Amino acid sequence: MKHQIEVASPEETERLAMRLSSLLQPDDLLTLEGDLGAGKTAFTKGLAKGLGVKRTVNSPTFTILKQYEGRLPLNHLDVYRLEGSEEDIGFDELFSSGAVSVVEWAQFIEDYLPKERLAITIRKTSDTGRIFKLTPSGERYETLCKELAL
Ligand SMILES: Nc1ncnc2c1ncn2[C@@H]1O[C@H](COP(=O)(O)OP(=O)(O)OP(=O)(O)O)[C@@H](O)[C@H]1O
Ligand SMILES: [Mg+2]
């Protein structure tokens, strides 16, 4: 089952991310897909804020992975630069370390991703309008989506 929500502003994106963050558990995996500027990093910033991360969250494009401390540790990955490469930076360990993991441009490392995850796609409808589509795979993420009650 798919879950969809339309937001009208960056503030609403933040609110949505913060709502989701309050439901997250260790080893939860969220994948983010959407064009350049869709709001993948903006959404991650909201998640981090909701997880109580104090440090500033930036796009990790040039480092692939950034890790933050919060209520749960947060792994923020942007794998844009791994398109077409077969580099495994130790994904299995990252996704089972007890942290919440968020992966921007997840389609580029499809082969390394656990099947069970919450896939989030973001589509731009206007300057500040976005549609978030959430597709849960696996029981854990079905439950998460039910709790989020979109
Ligand atoms: N409703 C909205 N939700 C999220 N971002 C929005 C929204 N409206 C406008 N924006 C703006 O869109 C931009 C989103 O940029 P962001 O870096 O989050 O995109 P991205 O998907 O991570 O891009 P990239 O592929 O380059 O990593 C920001 O400048 C943000 O202020
Ligand atoms: Mg980004």
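What comes next concerns the included structure. Quick caveat, the model's predicted, so the values are computed rather than measured.

### Points about the packing of aromatic side chains
Under the definition given, this model contains 6 aromatic pairs. Judged by centre distance (6.0 Å) and plane angle (20 degrees), the rings of Phe91 and Phe95 are stacked. For Phe91, a relative accessible area of 1% translates into the label buried. On the basis of an interplanar angle of 5 degrees and a centroid distance of 5.6 Å, the ring pair of Trp105 and Phe108 is categorised as stacked. Phe108 shares its class with Trp105; the two are buried. Through a chain of ring-to-ring contacts, three or more aromatic side chains come together here, namely Tyr80, Trp105 and Phe108.

### What about the pairing of strand β4 (residues 74-78)?
When you tally the buried positions in β4, you get 5 out of 5 residues, the bulk of the element. Burial of the side chains of β4 extends over both faces: Leu74, His76 and Asp78 are buried on one face and Asn75 and Leu77 on the other. By the bridge criterion, 4 bridges tie strand β3 (residues 65-68) to β4 in an arrangement that is antiparallel. Bridging from a neighbouring strand, Tyr68 pairs with Leu74 of β4. Between β3 and β4, which pair antiparallel and follow one another directly, the connecting turn spans 5 residues. Both β4 and strand β5 (residues 100-104) contribute to a ladder of 5 bridges, which runs parallel. Along β5, the bridge assignment pairs Asp78 with Glu104.

### Remarks on the coordination of the magnesium ion (ligand 2)
For the magnesium ion (ligand 2), the full set of protein donor atoms is Thr41 (OG1) and Glu104 (OE), at a range of 2.1 to 2.2 Å. Remark: Glu104 occurs in strand β5 and Thr41 occurs in helix α2 (residues 40-50); sequence separation between them is 63 residues. For the residue pair Thr41 and Glu104, the accessibility class agrees, reading buried in each case.

### Here's the deal with unusual backbone geometry
Of note in this structure, Ile64 is not a glycine but carries a positive phi near 70 degrees. Residue position: Ile64 is located in the loop between α2 and β3. Residue class for Ile64 comes out buried when judged on its relative accessible area of 9%. One non-glycine residue with positive phi stands out, namely Ala149, at about 50 degrees. In this structure, Ala149 sits in the segment after α4 (139-148).

### Some thoughts on the site of ligand 1
The full set close to ligand 1 counts 18 residues, and Thr13, Lys40, Thr41, Ala42 and Thr128 are the nearest of them. Take Pro10: an N or O atom from its main chain is 3.4 Å from a nitrogen atom of ligand 1. The side chain of Glu104 places a nitrogen or oxygen atom 3.2 Å from an oxygen atom of ligand 1. Relative to its free-state accessible area of 640 Å², ligand 1 is covered by the protein chains to the extent of 73%. Those elements that place two or more of their residues in the shell around ligand 1 are α1 (10-21) and α2.

Definitions and limits used
Residues numbered from 1 in each chain as written. Chains lettered and ligands numbered in written order. Predicted model: local features only at pLDDT ≥ 70, side-chain atom pairs only at ≥ 80, totals over all residues. Heavy atoms only, no water. Phe/Tyr/Trp six-rings, centres within 6.5 Å; stacked < 30°, edge-to-face > 60°. Buried < 20%, exposed > 50% of the residue type's maximum accessible area, 1.4 Å probe, protein only. Helix = DSSP H or I, 4+ residues; strand = E, 2+ residues; numbered from the N terminus. Pairing = 2+ DSSP bridges. Donors = N, O, S within 2.8 Å, 3.2 Å for Na, K, Ca; no water. Near = heavy atom within 4 Å. Polar contact = N/O pair within 3.5 Å; in protein donor to acceptor, adjacent residues only side chain to side chain. Areas by Shrake-Rupley, 256 points an atom, 1.4 Å probe, with all protein chains shown as cover.

Functional significance is not addressed by these values, which are geometric in nature.
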